[in-house]
Amino acid sequence: MSEANSSHATELTSQYIAQVTGDLERNTKEQERIGQEIEALQEQLHALQHDHTVLVNMQQALGSANPATEADTATAPSVPHQASAEPKQSKGKKAAATSAKKSASKKPAAKAPSVKASTAATKPTLVELIRGHLEQESDPRSAAEITTALTQAHPDRSVKTTVVRTTLEGLVAKSHAHRTKQGSSVFYTAAAASEPAAAEPQQEAVAG
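Predicted model, so just to flag it, every value in this text is computed and none were measured. (Residues numbered from 1 in each chain as written. Predicted model: local features only at pLDDT ≥ 70, side-chain atom pairs only at ≥ 80, totals over all residues. Heavy atoms only, no water.)

**Student:** Please give an account of helix α6 (residues 161-173) that cites residues and values.
**Tutor:** Given 3.6 residues to a turn, an α-helix orients residues that are three or four positions apart in the same direction. Relative to the 18 Å expected for 13 residues at 1.5 Å per residue, α6 spans 18 Å between its end C-alpha atoms, a close match to the ideal helical length. One or two positions beyond α6, positive phi appears at Ser175, with a value near 65°. (Helix = DSSP H or I, 4+ residues; strand = E, 2+ residues; numbered from the N terminus. Expected span 1.5 Å × (residues − 1).)

**Student:** Which residues make up the pattern of salt bridges, and what are the values?
**Tutor:** By the definition in use, this model includes 7 salt bridges. Asp23 is paired through a salt bridge with Arg26; the nearest N and O atoms lie 2.2 Å apart. Here Asp23 and its partner Arg26 are both found in helix α1 (residues 2-75), 3 residues apart, which amounts to about one turn of the helix. Glu145 is the partner of Arg141 in a salt bridge, and the nearest nitrogen-oxygen pair spans 4.0 Å. (Salt bridge = Lys/Arg side-chain N within 4 Å of Asp/Glu carboxyl O.)

**Student:** Residues and numbers for helix α4 (residues 126-136), please.
**Tutor:** Within α4, the full set of buried residues consists of Leu126, Leu129, Ile130, His133 and Leu134. All buried residues of α4 fall inside an arc of 130° around its axis, so they share one side. In α4, those exposed residues whose orientation departs by more than 90 degrees from the buried face are Glu135 and Gln136. (Buried < 20%, exposed > 50% of the residue type's maximum accessible area, 1.4 Å probe, protein only. Arc of directions from axis to C-beta.)

**Student:** I'd love a proper account of the nonpolar core, names of residues and values included.
**Tutor:** Of all hydrophobic cores here, the largest spans 16 residues; its most connected members are Leu126, Ile130, Leu134, Ile146, Leu150, Val164 and Leu168. Counting only elements with at least two residues in this core, the list comes to α4, α5 (143-153), α6 and β2 (185-190). Those residues in contact with Leu134 that lie beyond four places of it in its chain are Ile146, Leu168, Ala177, Tyr188, Thr189 and Ala190. (Core = buried A, V, L, I, M, F, W, Y, C linked by side-chain atoms within 4.5 Å. Contact = heavy atoms within 4.5 Å.)

Given below as structure tokens:
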């Protein structure tokens, strides 16, 4: 009986070891998958934050330009009336002129951040690279194929398939790309919104 019990215990132990080993492998793979998804989301968040900074700088530059033009147009016609009507109002002219100068001096300061932002924006984001690649390719492309193409075109950037796949799904959600499934593989194509508009002038030229 003791031998049977010991053999039974060893079988249970081996089963537990196998189960724990399998659970550990699944846990490790799940950690890797979630880590890659977090990395992809962080890159998307970084791109959105960058776009947000550019838009805020543009808004500030445009917003500061409008009051200055309104101040210039408001003070311009009032200067002759003040000079012809009452000499005492010359102080008001000086105050208006100084306020106009102050508002004008703010223009370069407001435009400076937007210039810096535009120089920083010259480096395309991963979303722009993927969209540009899809628009150049007429055939559907998988995430792995797009990753390989972008890695060859931009060797200075580390492009991962998981990040590309997550970005592609984001483009599909925004209707900037289409997703097709062939068997177990998923392929992506650019949204063909601009193709009819580009084809119409060619038809008219042939007819003419």
